[in-house]
Amino acid sequence: MSKNHKKIWITGASSGIGKAVAEKFASEGWIVAVSARRKEILHDMAKHENISSYPLDVVNEETCVNTFQNILSEFGDIDLCIFCSGTYDPKKEKEIDIKQSKFVMNVNYFGVLNCVKAVEKYFKKKKEGHISIVSSIAGYRGLPNSSGYGPSKAALNNFAESIYFDFKKHNIRVSIISPGFIKTPLTDKNDFPMPFLRSVEFAAQKIYIGLTKSNSFEIHFPKQLTLILKFLRLLPYKIYLYLIYKLYKR
Ligand SMILES: NC(=O)c1ccc[n+]([C@@H]2O[C@H](COP(=O)([O-])OP(=O)(O)OC[C@H]3O[C@@H](n4cnc5c(N)ncnc54)[C@H](OP(=O)(O)O)[C@@H]3O)[C@@H](O)[C@H]2O)c1
């Protein structure tokens, strides 16, 4: 394994945004470890000389630790981790579904926690590293029909802000990625028009630039949508709830 190239671990890499990001980093010369549950897709991706496959279910805490140790022993080092695994089923979000909410929280929130925990000691000992968490604009504020997915992403945002301080002391960068609507198998399930829908290649380019050429805490895109949502985030409840309800009723 080359010592001259930077090395990255990406979860949720078998599909959509994670897959496109893995391919982008590999095409830029990074050495890439890809993880997700679907082994066949990962093995197929590993035909690229810079990509290696490490199948993983992020809900299993022990497997996350072991997978990272396997990556480390083969790669010798890791510079950047992007935790992108996530799940969403819009049909099950229309009413409160406790079983589904627990499942979504387990994958989207605890799955990421398991991965962060797996790399924490290594980065702290090394006094260097970068952890990037793929969250969502759905985590900014409460939105209609998002009683499971939205809270899982809001929790991730709060978690990332929280560990930012402790990890910074150890010279570890923590960042979050907040995509708007990106066309993937996940959003293909939506039955409503998605404003400013973008491709996975667009997302991968924004993420690559944001993680390698800037130092910001949050990478968000497309700006046409995220800036509106950021403005809505600042509004007092009375105005925010009124505006979103008006849009929702239409
Ligand atoms: N698309 C969007 O518009 C959008 C917007 C905002 C945020 N996001 C976030 O972006 C991330 C990627 O979403 P996407 O749109 O690219 O969806 P996607 O195509 O469905 O990809 C989801 C990825 O997560 C993996 N995954 C799911 N459960 C897992 C588990 N238990 N263990 C390991 N991997 C698991 C899937 O792989 P396996 O099934 O092979 O395990 C797949 O690689 C998610 O966190 C999502 O919430 C997406």
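See above for the structure.
Residues numbered from 1 in each chain as written. Predicted model: local features only at pLDDT ≥ 70, side-chain atom pairs only at ≥ 80, totals over all residues. Heavy atoms only, no water.

(A) Inspection of the overall build of the protein chain at higher detail. Within the protein chain, the regular secondary structure consists of 8 helices and 7 strands. On C-alpha atoms alone, the protein chain measures out to a radius of gyration of 18 Å, which is about the 18 Å that the 2.2 N^0.38 rule sets for 250 residues. The burial tally for the protein chain puts 52% of its 250 residues in the buried class. Taking as baseline every contact in the protein chain between residues at least 6 positions apart, the subset at least 24 positions apart corresponds to 66%. Counting every atom, the protein chain has about 13100 Å² of accessible surface; 56% of that belongs to carbon and sulfur. (Helix = DSSP H or I, 4+ residues; strand = E, 2+ residues; numbered from the N terminus. Rg over C-alpha atoms; globule rule 2.2 N^0.38 Å. Buried < 20%, exposed > 50% of the residue type's maximum accessible area, 1.4 Å probe, protein only. Contact = heavy atoms within 4.5 Å. Areas by Shrake-Rupley, 256 points an atom, 1.4 Å probe, with all protein chains shown as cover.)

(B) Inspection of the side chain of Thr87 at higher detail. Residue placement: Thr87 occurs in the loop between strand S4 (80-83) and helix H4 (98-126). The exposure class of Thr87 is buried, given its relative accessible area of 17%. Among residues more than four places away in sequence, those in contact with Thr87 are Phe103, Val104, Val107, Asn108, Tyr149 and Leu186.

(C) Structural view of a nonpolar patch on the surface. A cluster of nonpolar side chains, contributed by Ile239, Tyr242 and Leu243, occupies part of the molecular surface with about 280 Å² of accessible area. The residue Ile239 is located in helix H8 (residues 237-249) in this model. By relative accessible area, Ile239 is classed as partly exposed at 40%. (Patch = residues over 30% accessible without salt bridge, like charges linked within 9 Å, V, L, I, M, F, W, Y side chains within 5 Å. Salt bridge = Lys/Arg side-chain N within 4 Å of Asp/Glu carboxyl O.)

(D) Expanded view of a positive patch on the surface. A surface patch of like charges, here positive, comprises Lys91, Lys92, Lys99 and Lys189. Its place among the elements puts Lys92 in the loop between S4 and H4. (Lys, Arg positive; Asp, Glu negative; His and termini not counted. Charge placed at Lys NZ, Arg CZ, Asp CG, Glu CD.)

(E) Geometry of the environment of Thr67. Its place among the elements puts Thr67 in helix H3 (residues 61-75). Taking relative accessible area as the criterion, Thr67 reaches 6% and is therefore assigned buried. When the C-alpha positions of Thr67 and Ile177 are compared, they lie 23 Å apart, and in sequence the two are 110 residues distant. Every residue in contact with Thr67, bar those within four places of it in the chain, is listed here: Trp9, Ser35, Tyr54, Pro55 and Leu56.

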